[in-house]
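# Breakdown of the fold
So the chains spell out like this:
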Amino acid sequence: MARTTLTRDEVLAAAASLVRQHGPAALTMRKLAAELGTAVTSIYWHVGNRESLLDALVERTVQEMGAIRPAGRTPVERILSVARTLRRELRERPHLIAMVHERGLTERMFLPAQQALVHEVHAAGLRGARAADAVRAVQFQIVGYLLVERNRERSPAQSPAESDLWDPSAAPDDPDLARALARPADPERLFLLSLRALVRSLLAAPEPPPR
């Protein structure tokens, strides 16, 4: 039996879930109606045609990405919190982010996170071009790291694997290094390690020029 009550938000949430799981190609009005237990005409009533639905999903994604808020006691901690949240949100919705990019709204989507980062680098005393460089460096680090992660996740099985290449004999002067490189990488730990080092360097007072 078809549902008698349905809201636009419910339609968009169900559509976003389908896209997240299977990609935009899997989103049809008929499949969405079946997912919601309603008639196709009801979907059209709430969101219009499929193109209008995709536009609404893109706008919804842009708004969700604008909900990132810093947390922490210092500018470094708050910048790291923004970066961790942004990376997580981007990882959780790759198909939706791709749709945002295809519609030319990537810069608008990133603006709230940029504004949060601007606030924190200002709090750390940076101004002007130096503050802008810091914001962009952090943003590029997040996106670049994410692309490397996805590439590693999608790459075919490697033979020999990293664990095979780094047996203790490969670094006889540093066997602990060899053992560490033979273990699987911890992406979250490496992300925080590299980003913390970058942020601290960006916020540090510049060295005086040589006399």
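Along the protein chain, the regular secondary structure elements total eleven helices and zero strands. Taking 2.2 N^0.38 as the reference for a compact globule, 211 residues should give roughly 17 Å; the C-alpha atoms of the protein chain span a radius of gyration of 23 Å, well beyond that estimate. In terms of its C-alpha atoms, the protein chain occupies a principal-axis envelope of roughly 75 × 50 × 30 Å. Considering only intrachain contacts with a sequence separation of at least 6, the fraction spanning at least 24 residues in the protein chain is 70%. As displayed, the protein chain has an accessible area near 13,000 Å², and 55% of this comes from carbon and sulfur atoms. Computing the positive centroid from 29 side-chain charges and the negative centroid from 25, the protein chain places the two 5 Å apart.

With 16 residues, helix H4 (residues 50-65) should cover 22 Å at 1.5 Å per step; its first-to-last C-alpha distance of 23 Å lies within 8% of that length. Those residues of H4 that fall on the buried side of the exposure criterion are Leu-53, Leu-54, Ala-56, Leu-57, Val-58, Thr-61, Val-62 and Met-65. Contacts from the buried residues of H4 go to helix H1 (8-22), helix H2 (29-36), helix H3 (40-47), helix H5 (75-92), helix H6 (94-102) and helix H7 (106-123).

It is worth spelling out the side chain of His-46 at this point. With respect to the helices, strands and loops of the structure, His-46 is situated in helix H3. Among the polar contacts listed, one links the side chain of His-46 to the backbone oxygen of Leu-6, at a separation of 3.1 Å. His-46 has contacts with Leu-6, Thr-7, Arg-8 and Val-11, leaving out every residue within four places of it along the chain.

Turning our attention to helix H8 (residues 128-154). The terminal C-alpha atoms of H8, which comprises 27 residues, lie 40 Å apart, in line with the 39 Å expected from a rise of 1.5 Å per residue. All of the buried residues along H8 are Ala-131, Ala-134, Val-135, Val-138, Gln-139, Ile-142, Tyr-145, Leu-146, Glu-149 and Arg-150. Residues of H8 that are buried make contact with H5, H6, H7 and helix H11 (187-203).

Once that is clear, we can look at unusual backbone geometry. Trans peptide bonds make up most of the peptide bonds, and negative phi angles are found at most residues other than glycine. The amide bond that connects Ser-159 to the next residue, Pro-160, takes the cis arrangement and shows omega of 5°. By secondary structure assignment, the location of Pro-160 is in the loop between H8 and helix H9 (162-165).

It is worth spelling out the environment of Leu-32 at this point. Here Leu-32 shows up in helix H2. Its relative accessible area of 0% is what places Leu-32 among the buried residues. On a C-alpha basis, the gap between Leu-32 and Ala-204 in space is 52 Å, while along the polypeptide they are 172 residues apart. Not counting chain neighbours up to four residues away, the residues in contact with Leu-32 comprise Val-11, Ala-14, Ala-15, Leu-18, Leu-27, Ile-43 and Leu-53.

Here we come to the pattern of salt bridges. Inspection of every chain in the model, using the stated rule, returns 14 salt bridges. We note a salt bridge from Arg-103 to Glu-51, for which the minimum N-O separation is 3.0 Å. A residue pair is termed long-range when its members are at least 10 positions apart, and Arg-103 in the loop between H6 and H7 and Glu-51 in helix H4 qualify at 52 residues. On the basis of relative accessible area, Glu-51 is assigned to the partly exposed category, the value being 46%. Note that Glu-188 and Arg-84 form a salt bridge whose closest N and O atoms lie 3.0 Å from each other. One end of the pair, Glu-188, is in helix H11; the other, Arg-84, is in helix H5, with 104 residues separating them in the sequence. A relative accessible area of 27% means that Glu-188 is categorised as partly exposed. Salt bridges sharing common partners tie together Arg-84, Arg-87, Arg-91, Glu-149, Glu-153 and Glu-188.

One can describe the packing of H8 onto H11 by two numbers: an axis separation of 10 Å at closest approach and a directional angle of 165°. Comparing their axes, H11 and H8 come out roughly antiparallel. In the packing of H8 onto H11, the handedness of the crossing is right-handed. For the pair H8 and H11, contact is made by Arg-130, Ala-134, Ala-137, Val-138, Gln-141, Ile-142, Tyr-145 and Glu-149 and by Pro-187, Leu-190, Phe-191, Ser-194, Leu-195, Leu-198, Val-199, Leu-202 and Leu-203, respectively.

Reading guide: rules and limits
- Residues numbered from 1 in each chain as written.
- Predicted model: local features only at pLDDT ≥ 70, side-chain atom pairs only at ≥ 80, totals over all residues.
- Heavy atoms only, no water.
- Helix = DSSP H or I, 4+ residues; strand = E, 2+ residues; numbered from the N terminus.
- Rg over C-alpha atoms; globule rule 2.2 N^0.38 Å.
- Contact = heavy atoms within 4.5 Å.
- Areas by Shrake-Rupley, 256 points an atom, 1.4 Å probe, with all protein chains shown as cover.
- Lys, Arg positive; Asp, Glu negative; His and termini not counted.
- Charge placed at Lys NZ, Arg CZ, Asp CG, Glu CD.
- Expected span 1.5 Å × (residues − 1).
- Buried < 20%, exposed > 50% of the residue type's maximum accessible area, 1.4 Å probe, protein only.
- Polar contact = N/O pair within 3.5 Å; in protein donor to acceptor, adjacent residues only side chain to side chain.
- Salt bridge = Lys/Arg side-chain N within 4 Å of Asp/Glu carboxyl O.
- Axes fitted to C-alpha atoms, helices over the stretch in contact; angles between N-to-C directions.
- Parallel < 35°, antiparallel > 145°, perpendicular 65-115°, else oblique.
- Left-handed = near helix turned anticlockwise from the far one by under 90°.

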